[in-house]
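# Notes for the structure review
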Amino acid sequence: MEQTTKRFTPNRITDLVSLKQGGSNVSCRTSFEILPVDFHHRDNPFQAYIFLCRYEGKVDDRDFSFRKCYARGCPHNLCPHVSQAVMIANRYLQRDYHKLLQAGIHMEKRLFRLEEMTVKFEGYQEEHGPTLTIHDYINIANEGNDVSVSMNLEFVPGAEHFANFENQMIFLMVDFVVTCLGKTSHYERCLACYPLEKENEERPEKIGIANARLKLLYAEFDKAAIQHSKDYFK
C-alpha cells in the first residue's frame with residue numbers, strides 16, 4: 001500500500017492533470033518564494049534570485065506538496081535580469097494555470113509580485129529589450145521561420161538562503177542556445193532541484209522529472225520543425 005501511494009504522489013503539473021483526467025478529485029493552492037541563492041557555476045560563483053511556486057493540496061484523500069522553479073534572475077549578465085525574470089515567471093505560471101483549468105482543476109490565479117525590485121531596476125527593460133522565452137521561439141518557428149536550438153545540461157550547486165538557515169541544493173539547469181532571425185541567444189530554465197544532503201534518495205527521481213519535461217518540450221520542437229538534438233540528464 002505504501003508503494004502504491006508513493007507511486008501516485010504528484011510531482012508535476014502534468015501529474016495533477018493526469019490524475020484529474022483519471023477521475024481523481026484534485027484540489028490545489030499556490031504559495032510563492034523568491035529566494036537569494038549562491039550559485040557555484042564552474043569556477044564562477046554568483047548570487048541570483050530564484051522564483052519558486054509551491055503547489056499544495058489533496059488528491060482524493062491524500063495530501064501532496066511539490067514546488068516548481070519558474071525563473072532565475074540576476075542583477076548582472078550571468079542570467080536573465082531580475083526585472084525580466086518576474087515577467088518570465090508569471091508567463092509560465094499563467095500557462096500552468098491554463099493547463100490546470102483545462103483539466104477542470106479550479107484555483108486562485110495568484111502571480112509573483114516583486115514591486116521593490118521592479119522599481120529598483122526600472123528602465124532596464126526599455127534599455128535592453130524583452131527576454132524571449134523558449135515558447136516565444138516555438139511560436140516564431142510555427143510562423144515559418146528557421147529556428148535551431150542546442151542545449152547544455154548541467155547539475156549546478158547552489159545555497160538557498162532563508163531567514164535563519166540555508167539549504168545546499170543541486171539545480172538541474174538547461175542553457176538553450178537559440179539561433180533565430182539572424183541572432184543567437186541564450187535562455188535557461190531550471191527543470192528540477194533537490195537537497196544536496198538527499199542526493200542519493202532524490203537524484204534519480206528529479207532526473208526523471210527533468211527528463212519528462214524535456215521530452216514534452218522536444219515534442220513541441222518537433223511539431224514546430226525546430227532543429228535540435230534530444231539530450232537528457234543522466
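This write-up is about the structure you can find in this document. Please read these numbers as outputs of a predicted model, since none were measured by experiment.

## Let's talk about the overall build of the chain
- When you go through the chain residue by residue, the secondary structure sums to 7 helices and 7 strands.
- For the chain, the N- to C-terminal ordering of α and β elements is α-α-β-β-β-α-α-α-α-β-β-β-α-β.
- Burial analysis of the chain (234 residues in total) assigns 45% to the buried set.
- By sequence separation, contacts in the chain at least 24 residues apart represent 58% of the contacts at least 6 residues apart.
- Summing over all exposed atoms, the chain offers an accessible surface of approximately 13100 Å²; the carbon and sulfur share of this is 48%.

## With respect to unusual backbone geometry
- For Asp 60, which is not a glycine, the phi torsion comes out positive at approximately 55°.
- Non-glycine residue Ala 225 carries a positive phi angle of around 60°.
- Positionally, Ala 225 belongs in the loop between α7 (199–223) and β7 (227–228).

## Re helix α2 (residues 13–21)
- Where α2 is concerned, the buried positions are Ile 13, Leu 16, Val 17 and Leu 19. On an axial view of α2, the arc spanned by its buried residues comes to 165°, and they lie on one face.
- Remark: Gly 23 follows α2 within two positions and exhibits a positive phi of approximately 105°.

## What to know about the nonpolar core
- Counting residues in hydrophobic clusters, the biggest one holds 53 residues, and the most contacted among them are Leu 16, Tyr 55, Ile 134, Val 147, Phe 176 and Phe 221.
- No other element matches helix α3 (residues 82–102), which puts 8 residues into this core.
- Apart from residues lying up to four places away in sequence, Ile 134 is in contact with Tyr 92, Phe 176, Val 178, Tyr 187, Leu 217 and Phe 221.
- Core analysis: the second largest hydrophobic core is formed by 15 residues, Phe 39, Leu 52, Val 156 and Met 173 among them.

## Quick notes on the environment of Tyr 194
- With respect to the element layout, Tyr 194 can be found in strand β6 (residues 183–195).
- Assessed through its relative accessible area of 0%, Tyr 194 is described here as buried.
- A sequence separation of 13 residues divides Tyr 194 from Ile 207, and the C-alpha atoms of the two residues are 9.8 Å apart.
- Reaching out from Tyr 194, the side chain makes a polar contact with the side chain of Arg 203 at a distance of 3.2 Å.

## Looking at the pairing of β6
- With 12 bridges joining them, strand β5 (residues 166–180) and β6 adopt antiparallel strand pairing. Its bridge partner being in β6, Phe 171 is matched across the sheet by Cys 193.
- Where β5 folds back onto β6 in an antiparallel hairpin, the turn is made up of 2 residues, including Leu 181, whose phi is positive at roughly 55°.

## Quick notes on the state of the cysteines
- Tallying each qualifying case throughout the model produces 0 disulfides.
- With no disulfide of its own, Cys 69 lies closest to Cys 190 among cysteine sulfurs, the gap being 4.3 Å.
- Take Cys 193: it sits in no disulfide, and the sulfur closest to it among the cysteines is that of Cys 190, at 5.2 Å.
- The buried category is assigned to Cys 193, whose relative accessible area is 14%.

Definitions and limits used
- Residues numbered from 1 in each chain as written.
- Predicted model: local features only at pLDDT ≥ 70, side-chain atom pairs only at ≥ 80, totals over all residues.
- Heavy atoms only, no water.
- Helix = DSSP H or I, 4+ residues; strand = E, 2+ residues; numbered from the N terminus.
- Buried < 20%, exposed > 50% of the residue type's maximum accessible area, 1.4 Å probe, protein only.
- Contact = heavy atoms within 4.5 Å.
- Areas by Shrake-Rupley, 256 points an atom, 1.4 Å probe, with all protein chains shown as cover.
- Arc of directions from axis to C-beta.
- Core = buried A, V, L, I, M, F, W, Y, C linked by side-chain atoms within 4.5 Å.
- Polar contact = N/O pair within 3.5 Å; in protein donor to acceptor, adjacent residues only side chain to side chain.
- Pairing = 2+ DSSP bridges.
- Disulfide = S-S within 2.5 Å.

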